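What the coordinates show
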Amino acid sequence: MRSLFANLRAFWRGLRRPSQVDADMHDEMRFHIDMEARRLQQRGFSDQEAARQAAIAFGGVEKYRGAGRDAFGFTWMRGMSTDFRLGMRMLKKYPGLTVVALFALSLAIGAGSAYLEFVNDLIRGKLPFPEADRIVGIQVWDQESGDPDPRQTANFVAWRGSLRSIEELAAYRPLDRNLITEDGRAEPVRGVEISAAAFHIAQVPPLLGRPLQPEDERAGAAPVVVIGYDVWTSRLGSDPDVIGKSIRLGKASYTIVGVMPGHFGLPSTHSLWIPLQLNDAFYPRRDGPPTRMFGKLAPGVTISTAQAELTALAARAAADFPATDRHLRPVVLPYVKSLWSAVEDSTMQLLVLYSGNVFFVGLLALCGANIATLVFARTATRDVEISVRTALGASRARIAGQLFAEALVLSSVAAIIGLTIGSFALKWVKGVVAAGMGSLPFWWNDRLEPETFLYAAALAVCAALIVGVIPALKATNARVQDRLKQSTGATSGGLKFGGVWTGVIVTQIAVTVIFLAVVGMLGWSAYVTKGGDRSRNFPANQYVSLRLRLEPSDFDSVSPDQFDAAYRTRLRNTHAEFARRMSIEPAIAGATYGTRLPGMNFREMFVEIEGRQAVTPSYGQFLHAGSVGVNYFDTFHSSLVAGRLFIEADLAANSNVAIVDQTFVTTILKGQEAVGRHVREMPQAGKAPGPWLEIVGVVTDLTDPTNKRPGESLLFRPAAAEATVPLYVAVRARTDVAAVMSRLRVIAGEIDPSARLTEMMTLDAVGDADLVALDFFARLLAGVSMVAMVLAMAGVYALMSFTVARRTAEIGIRVALGANPRRIVTATFARAFTQVTIGLVLGGIPAALIVAAIGPEVAATNGNEVAIATCLASLALVAIVTAFACVFPARRALRIQPIDALKSI
Amino acid sequence: MGNTAELLPGTLDLLILKSVSLGKLHGYAVLLRIEQITGGALLIQQGALYPALYRLERQGLIESEWGVSDNNRRAKYYKLTTLGRQRMRDEAASWNRLAEAMAAALRATSQEI
């Protein structure tokens, strides 16, 4: 063991300061010779003779220094360090290759690492708590339905304090309440009712005051609340004396007892906690509000032990309460994983998520293979160097090692760039997720985990193996001796750009064409969906969109039907008062409501149209539908084309009337009269068909009608506010939208503290979240196709340059013999032209097929035109780019003079 | 052949270990110590001492530190490690066995056979 340490120490010393070690050896040997010379002087030798004799007695200093280096084991390391230095020099010497390679490799390594980091954060996120690995989530799955059953109050009460493997058990329920501060602002807050045990499990000290305590859970305890850092800063002005003050949550008042620090957000994105008051009373099984559980394993207990204990308890419960518990199975998982697993056995899910990495490794291999082509072309220019070194006794491994080291330098730099870009990309993705979810899980951070660095390093080594070793093995094959002869003789032979590389270039071009075509179509699709040609026919940025809900907690103890009726009554009153207050507000020009607002995704519906059964498919005509208020069309500047608009009387539940937009008339009815026709919803999965609805009016489209498909038609039904689920309200501002937004919150707070205004934003921002995935995918593909294009260009450039370099003599002689320069270029580049053409054809055919398949999905009326245009544009773009790559080598070829030919042979 | 002998392969390491076992020495002093303890009977190529020292150091049998010599020059001093002392004992024992065996073999007379 100690000998290993000594070895490592020596290795480390050599690695850090090889030149210092060398200098030390020199000093030590010099000292020896001087001492010997002194001894000889004392024996009567002259100074000069003593020095000479001492040097002879010692032997060659250089020789023993070499032996010393060997003894230290530095030799191979010095070789490596030379290789790495050479690698750095190569980066500078071939800037074009460096830029292309860094671009491609950093994208592949960065994207792969960022993806791994993202998946790890998602599934294996680490809670920033002490002993976080002991914190587990418990879900109870209903094996009959295949879904988790969240109604676990009875189990929680039975299990807490009685489990041996889990020392602390906490439960929580979401809290849908408005937080109302002293200034009257009522805003929804992400809060939970939670067991005090949760704070004990987390062991995070509060910033101010105290966390929740078991006494707070007792029935009759004073209502207290612990607030999160962002509620404290954004809603309470970071008041240092906040402890002891009151806030209102809906109609109830709570005393603030603590403020938690910023990195605490249990269970995931929450920043307000009130005690979950559950006494030991009887709770019916599989009943009550959704309640989730988590806990802390007892010291030394594994998850499987806890799982075994809960499984045993569940088996007993199944025997005792077969009616409710027969199919229930508790599952214990690490906390973060338990939040994300959507299926009982999530192994497959994990496998799918992690196998996303295969895509990035494939991308890396593709990029690597391309750069290997370039490196091979560069290696070809060092043909003589390699041949001579081989002749002088350098082993194949040694030369391959050198090229590997050069490639490793390249890929390491790429990994550093990739990780930097990747961490920025991750911040962007997390920002998008945060915008979608309202807040990020509190354990997500911007740091990259050590695993990600290791993964990036592994990818860099893989890339170096592909980029460095394959060209090295091709360049140092058995024919190297022949090449040595050729390089010293008068022939121009040497390395050939063989079949493998030709294949790589052809594949590259084909892949680029396919990628570009697909990206083009996706881009078009995103543009169309996003409203590129679906711009709304009204100033959407002047409208506030919000969703109105009431807190349900007041009705906990009544039956579902009673609850529903009471809720509707309250919603009707609240909305009516809200509408009245808005109508007298000077800054508000108008307001309406509907299940969806223009720009949102309306509900999909299959309808049967009276008199058109013969021409519609048996499953019905696909379109979108929504329920709206009477003044919906006026508010959105949609004007009446035929028939009439909705009137108050239509709001009655049994009025079977509908209004359609012009797209319905033009695409589905092909311009026939719509008013007076009847439509009804097709029967769905065993349900009866909807009632026949009479079309009473036709209005202009809410969004740009150009190129709309039949499925984009809209059918509107009238509905009272309380029957509109979900209830979205649109408010038109006269001037300042932001001022209207905060005014609306005040109005809502005044009318009913339990009225929750959520999803509040300007109407032009609505719907964007739906496009995030498509947008992200299109961006990723665009990035990949950029890389593919640059690589295709670089590959063709390398092939051309290589050809010119190899055939300099031939071209020179042809020029000397009076050949036409154009013919020379054609002759020289014939093979490259062929390869590009093959690539274009091989890529063009699948690209055309793919594009033809997705074309009609993207644009209804002109799908084929768009498809053909996209395909041709991709082909043309690749052709132009590759032609551009030929320009410089071609110019070089044209400039070759006969004298160059003489020099080159 | 006078009163000196060529060094047998492998013996230099043992001689170095023995020299530095008697106290901290710099390279040149190791040479002098070997000359001294062998009575100048063994011929050593002086430069060959250093690769041997580095090898022993790498193996953790000796360790080194820079110091100042008697004549006020910077010199590298070597001393035996515990591991080195152990190895020296083993090697010495094995050497002694070999030497005795050789001596016994060479002493053998025709009567003993």
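Overview of the structure. (Residues numbered from 1 in each chain as written. Chains lettered and ligands numbered in written order. Predicted model: local features only at pLDDT ≥ 70, side-chain atom pairs only at ≥ 80, totals over all residues. Heavy atoms only, no water.)

1. Digging into the overall build of chain A
The helix and strand tally for chain A stands at 27 helices and 24 strands. Within chain A, residue pairs in contact and separated by at least 24 positions form 80% of the contacts whose partners lie at least 6 positions apart. Accessible area for chain A stands at about 41,800 Å²; split by element, carbon and sulfur atoms hold 61% of it. (Helix = DSSP H or I, 4+ residues; strand = E, 2+ residues; numbered from the N terminus. Contact = heavy atoms within 4.5 Å. Areas by Shrake-Rupley, 256 points an atom, 1.4 Å probe, with all protein chains shown as cover.)

2. Notes on the packing of helix 1 (residues 11-21) of chain B against helix 4 (residues 82-107) of chain B
All names here are of chain B. Helix 4 packs onto helix 1 with a crossing angle of 125 degrees between their chain directions and a minimal axis gap of 10 Å. As judged from the angle between their axes, helix 1 and helix 4 are oblique. Along this stretch, helix 1 crosses helix 4, giving a crossing that reads as left-handed. Facing helix 1, whose interface residues are T11, L14, L17, K18 and S21, helix 4 presents G84, R85, R87, M88, E91, A92 and W95. Of the residues contributing to the contact of helix 1 with helix 4, the split by class is 5 nonpolar, 3 polar and 4 charged. (Axes fitted to C-alpha atoms, helices over the stretch in contact; angles between N-to-C directions. Parallel < 35°, antiparallel > 145°, perpendicular 65-115°, else oblique. Left-handed = near helix turned anticlockwise from the far one by under 90°. Nonpolar A, V, L, I, M, F, W, Y, C, P; charged D, E, K, R; others polar.)

3. Side note on the pairing of strand 21 (residues 693-699) of chain A
All names here are of chain A. Burial runs high along strand 21: 6 of the 7 residues are buried. Here strand 18 (residues 640-643) runs beside strand 21; their pairing, made up of 3 bridges, is antiparallel. The residue of strand 21 that forms the bridge with G643 is G697. With 5 bridges joining them, strand 19 (residues 657-661) and strand 21 adopt parallel strand pairing. By the bridge assignment, A658 is partnered in strand 21 with I695. Bridging between strand 20 (residues 678-681) and strand 21 involves 2 bridges; their strand directions are antiparallel. (Buried < 20%, exposed > 50% of the residue type's maximum accessible area, 1.4 Å probe, protein only. Pairing = 2+ DSSP bridges.)

4. Side note on the packing of helix 1 of chain B against helix 2 (residues 27-37) of chain B
Residue and element names in this part refer to chain B. At a minimum axis separation of 9 Å, helix 1 and helix 2 run at an interaxial angle of 100 degrees. When the interaxial angle is binned, helix 1 and helix 2 end up roughly perpendicular. When helix 1 is examined against helix 2, the residues L12, L15, I16, K18, S19 and V20 are found in contact with a partner set consisting of V30, R33, I34 and I37. The residue makeup of the contact of helix 1 with helix 2, split by class, is 7 nonpolar, 1 polar and 2 charged.

5. Description of the side chain of S655(A)
Residue and element names in this part refer to chain A. Position of S655 relative to the elements: it lies in the loop between strand 18 and strand 19. Exposure remark for S655: the relative accessible area of 14% places this residue in the buried category. If near-sequence neighbours (up to four positions away) are discounted, S655 is found in contact with A649, D650, R717 and P718.

6. Comments concerning the packing of aromatic side chains
All names here are of chain A. The full count for this structure, using the stated rule, is 26 aromatic pairs over all chains. With a centroid separation of 5.3 Å and an interplanar angle of 45 degrees, the aromatic rings of F606 and F622 are classed as tilted. Of the two residues, F606 sits in strand 16 (residues 603-609) while F622 sits in strand 17 (residues 621-628), which places them 16 residues apart along the sequence. Accessibility expressed as a relative area gives 28% for F606, which makes it partly exposed. The exposure class assigned to F622 is partly exposed, which follows from its relative accessible area of 27%. (Phe/Tyr/Trp six-rings, centres within 6.5 Å; stacked < 30°, edge-to-face > 60°.)

7. Examining a nonpolar patch on the surface
Residue and element names in this part refer to chain A. Taken together, the side chains of Y797, F884, V887 and F888 define a hydrophobic patch exposed on the protein surface, amounting to about 370 Å² of accessible area. The greatest single-element share of the nonpolar patch, amounting to 3 residues, is contributed by helix 26 (residues 863-895). Tracing the sequence through the fold places F884 in helix 26. Under the relative-accessibility criterion, F884 is labelled partly exposed at 47%. (Patch = residues over 30% accessible without salt bridge, like charges linked within 9 Å, V, L, I, M, F, W, Y side chains within 5 Å. Salt bridge = Lys/Arg side-chain N within 4 Å of Asp/Glu carboxyl O.)

8. Topic: the sheet that holds strand 4 (residues 62-68) of chain B
Residues and elements named next belong to chain B. Read across the open sheet, the 3 strands follow the order 2-5-4; overall the sheet is antiparallel. Unpaired on one side and paired on the other, strand 2 (25-26) and strand 4 mark the two borders of the sheet. Both strand 2 and strand 5 (residues 74-80) contribute to a ladder of 2 bridges, which runs antiparallel. For L25, the partnering residue across the bridge sits in strand 5 and is Y78.

9. Some words on the interface of chain B and chain A
Quite often, the size of an interface is put as the accessible area lost when its parts meet. At the junction of the two partners, chain B supplies 29 residues and chain A supplies 30 residues. For the pair chain B and chain A, the summed buried area comes to about 2,500 Å², and 53% of that belongs to carbon and sulfur atoms. On the chain B side of the contact with chain A, Y28(B), Y54(B) and R58(B) bury the most area, a combined 29% of that side's loss. In this assembly, chain B and chain A are joined by 5 salt bridges. Between R73(B) and D34(A) there is a salt bridge whose closest N-O contact spans 2.7 Å. The interface formed by chain B and chain A includes 14 residue pairs in polar contact (both at pLDDT 80 or more). It is helix 3 (residues 49-58) of chain B that contributes the most residues to the side of chain B that touches chain A, 7 residues altogether. Tallied by class, the residues present in the side of chain B that touches chain A amount to 12 nonpolar, 10 polar and 7 charged. (Buried area = accessible area lost by both parts, 1.4 Å probe. Polar contact = N/O pair within 3.5 Å; in protein donor to acceptor, adjacent residues only side chain to side chain.)

10. Thoughts on the side chain of D239(A)
Residue and element names in this part refer to chain A. If you trace the backbone, D239 turns up in the loop between helix 9 (229-236) and strand 9 (246-249). Engagement of the side chain of D239 in a polar contact is seen with the backbone nitrogen of D241, the distance being 2.8 Å. For D239, the contacting residues outside a window of four places in its chain are L208, W232 and K245.

11. As for helix 1 of chain B
Residues and elements named next belong to chain B. For helix 1, the tally of buried residues reaches 9 of 11 residues, placing the bulk of the element in the interior. All of the buried residues along helix 1 are T11, L12, L14, L15, I16, L17, S19, V20 and S21. A positive phi of about 150 degrees marks G23, the residue just after helix 1.

12. What to know about the nonpolar core
Formed by 82 residues in total, the largest nonpolar core has its most connected members in F129(A) and F294(A). Among the elements that take part in this core, helix 6 (residues 95-124) of chain A stands out by supplying 14 residues, more than any other. Sequence-distant contacts of F129(A), that is, excluding residues within four places in its chain, are made with I135(A), A202(A), V204(A), F264(A), L266(A) and F442(A). In terms of nonpolar packing, the next biggest core, distinct from the first, is built from 40 residues, V21(A), F58(A), I16(B) and L25(B) among them. (Core = buried A, V, L, I, M, F, W, Y, C linked by side-chain atoms within 4.5 Å.)

13. A closer look at the pattern of salt bridges
Enumeration over the complete set of coordinates arrives at 33 salt bridges over all chains. Note that K76(B) is salt-bridged to E28(A), the shortest N-O span being 4.0 Å. One end of the pair, K76(B), is in strand 5; the other, E28(A), is in helix 2 (residues 18-42), on a second chain. Judged by relative accessible area, which is 8%, K76(B) ranks as buried. Between R30(A) and D34(A) there is a salt bridge whose closest N-O contact spans 3.7 Å. Taken together, the residues span about one helical turn, with R30(A) and D34(A) both in helix 2 at a distance of 4 residues. On the basis of relative accessibility, which here comes to 39%, the residue R30(A) falls in the partly exposed class.

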